[in-house]
Amino acid sequence: MLELARTKSVEPDLNGAIALAQKIPASSAVHKEAKAAIATWRKDLTRGQTMVDSIQAAMKARNWGLAIQQLRKLGKQDSDYWIQHVDRLRQKISAEQIAADQLQQARQLVKATPNNVQVLGRAIALAEQINPDTYAYTDSQVDVSKWMQSLFTIVAGKLPPHTDLKGAKVALQGLPRGVPTPNARDVLWFSRAQPLVTDEITRGPLYEQLWHLWMVMSQVRQIKPESPLHAQAKALVPKLETQIQDVTQLQVASALANLWQIPTFHLAINIAHGISADRPRRVYAQTLITMWQRDIERIEDRPYLNQAQQLATKGTPESLRAAITYAQQISNGRPLRIEAQTAIAQWNRQIQLIEDGPFLERAQTLAKQQRLADAIRTASRIRSGRVLYQEAQTAIQDWTYQLQLAEDRPLLDRANALAEQGNLTAAINTASQIAPGRPLSHEAGGAIANWTAQQNARQNPPPAEPDNQIRERRPPDSSVGPPYRSPYPDAPRPVYNSQPPTEPPPPPIHPTRTPYPQTLHRLNHLLARTQKQLRRPLLIYPHPRSGR
């Protein structure tokens, strides 16, 4: 039996040799020898197994240098058992290197273009060629599953929302060869289920969304386990169930809100708040909650606005003010606030028309009776900022002009009459009573300047000169400096007028367009003072070309 155990240790089968040697009883003469052999075999088995484990760990980590180093140590063992394992482990290392290179090449393809269907197909096909007995094959299955999911997701995403089985089959025909192709029906329903698990599909009535979710989920559940889409479809089912639960809650909440009562609105809001922040329909639920809160505010504020509108129908200032008081109870930010403010502005306008209309009508009546002062005082009672204020101011300006014209015309007529009688001083004093800025102030200023010039000419007549001789005149200070020479060589000699210039009367000025009457009045006085200082009329030089 001991010899048979030694033969097994050479085969090599150390475990079998140890098991056979252990059957030798203690009473046997070779028991001591068998016990020593067992100890030797166990020591070789432990030492060699430690090296084999390190070689396998190095292969899993793709540390080929360490794996070969441990393999060389194993080949130096005295045990024939482990020497026979060296060749098998060397082949294993070589196979693992080839498998790792294949997996790395497939991963590089996907990394370069992760969204290309053809590239994903080639990567999957390359990974499927990896030896199943290698560690790289186990890693490749995880990648293949992920690539398959991406590939079918891209194919399903390219399908139109309302495609049929025929369109799904056409899409599947474009997949690379060697890729396990699912049933066209599975791809069709998978493509319809994927968008539903997000919060993007919230269009249409809630009952239509709920029906669509139930139909799609029932079809996705029928995808068989052997389908390549089974794992992805199985992952979609819980998300679809969550969507169905949320839509059902929102459907119930909407039904309660449609009753249009404040208590039912609050109940609907509480139900919608049950959709947590991590759920896809949370945003849609918040939109409905905001809308229902605005509806509650409308219901709460509508009685105030209705009561205000009912009071405003009486049309009296008291009723309109009471209507404004009711409408002002609708605070800022409420849905009916704009409508209330529009109504308040209209009622304020009505109040002002009722209060100020009689003043303007009375003023217009007084103006027709030529009681312009009374009309102005009556219209002035309309304050600034009121509706009729601008209209009243326009009328006041017109009546003021007429009143000033009526007050100043007799003064100017009296002054003209005095001037015709030769009483220029009285005429000037009478016309000076017309203040600047009044409609006839410009006409009065022109007349005053003319009368002043005539008065100065009478008081200081120029010295007589022979008619047949025209002498050069020098300025009053001609004793100093050369004789006067005209700046125009070809111009005629200056001529002294014994009388003030008889200019044509100034053109009539539009009453509302009097140009700077105070300035004209000052110029007239300056002209008269200059003539008085020179003690003679001003010289008038005719223009060399026009003769003026």
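Just so it is clear, the model here is predicted, and its values are computed rather than measured.

What counts, and at which threshold
Residues numbered from 1 in each chain as written. Predicted model: local features only at pLDDT ≥ 70, side-chain atom pairs only at ≥ 80, totals over all residues. Heavy atoms only, no water. Salt bridge = Lys/Arg side-chain N within 4 Å of Asp/Glu carboxyl O. Helix = DSSP H or I, 4+ residues; strand = E, 2+ residues; numbered from the N terminus. Buried < 20%, exposed > 50% of the residue type's maximum accessible area, 1.4 Å probe, protein only. pLDDT = per-residue confidence, 0-100. Contact = heavy atoms within 4.5 Å. Core = buried A, V, L, I, M, F, W, Y, C linked by side-chain atoms within 4.5 Å. Expected span 1.5 Å × (residues − 1). Arc of directions from axis to C-beta.

### A word on the pattern of salt bridges
Applying the stated criterion across every chain yields a total of 17 salt bridges. Close ionic contact of R107 with D143 constitutes a salt bridge, the shortest N to O distance being 2.6 Å. Separated by 36 residues along the polypeptide, R107 in helix 5 (residues 80-112) and D143 in helix 7 (residues 135-157) bring together distant segments of the chain. On the basis of relative accessibility, which here comes to 32%, the residue R107 falls in the partly exposed class. Classification of D143 as buried rests on a relative accessible area of 9%. Residues R298 and D295 are paired through a salt bridge, measuring 3.0 Å at the closest nitrogen-oxygen approach. Of the two residues, R298 and D295 are both situated in helix 13 (residues 282-312); the distance of 3 residues between them amounts to about one turn of the helix. Using a relative accessible area of 9% as the deciding quantity, one classes D295 as buried. Connected through shared salt-bridge partners, R294, E297, E300, D301 and R334 make up one network.

### A look at the environment of H212
Note that H212 resides in helix 10 (residues 206-220). Taking the C-alpha atoms as reference points, H212 and I244, 32 residues apart in sequence, are found 9.5 Å from one another.

### Points about the confidence of the model for the chain
Averaged over all residues, the pLDDT of the chain is 76; the fraction at 70 or higher stands at 68%. Within the model, the stretch residues 469-504 combines pLDDT values under 50 with 30 contacts to residues more than four positions away or in other chains. Here residues 506-516 scores under 50 on pLDDT; set against residues more than four positions off or in separate chains, the count is 10 contacts.

### A word on the nonpolar core
Ranked by internal contacts, the top residues of the largest apolar core, which has 29 residues, are V220, L240, L250 and W292. Going through the elements one at a time, helix 10, helix 11 (230-257), helix 12 (262-273) and helix 13 are the ones with two or more residues in this core.

### Some thoughts on helix 12
Helix length check: helix 12 (12 residues) gives 17 Å between terminal C-alpha atoms against 16 Å at 1.5 Å per residue, within 8%. All buried positions along helix 12 are accounted for by T264, F265, A268, I269 and A272. In an axial view of helix 12, the angular spread of the buried residues amounts to 140 degrees, which keeps them on one side of the axis. Opposite the buried face of helix 12, by more than 90 degrees, sit the exposed residues P263 and N270. Buried residues along helix 12 sit against helix 11 and helix 13.

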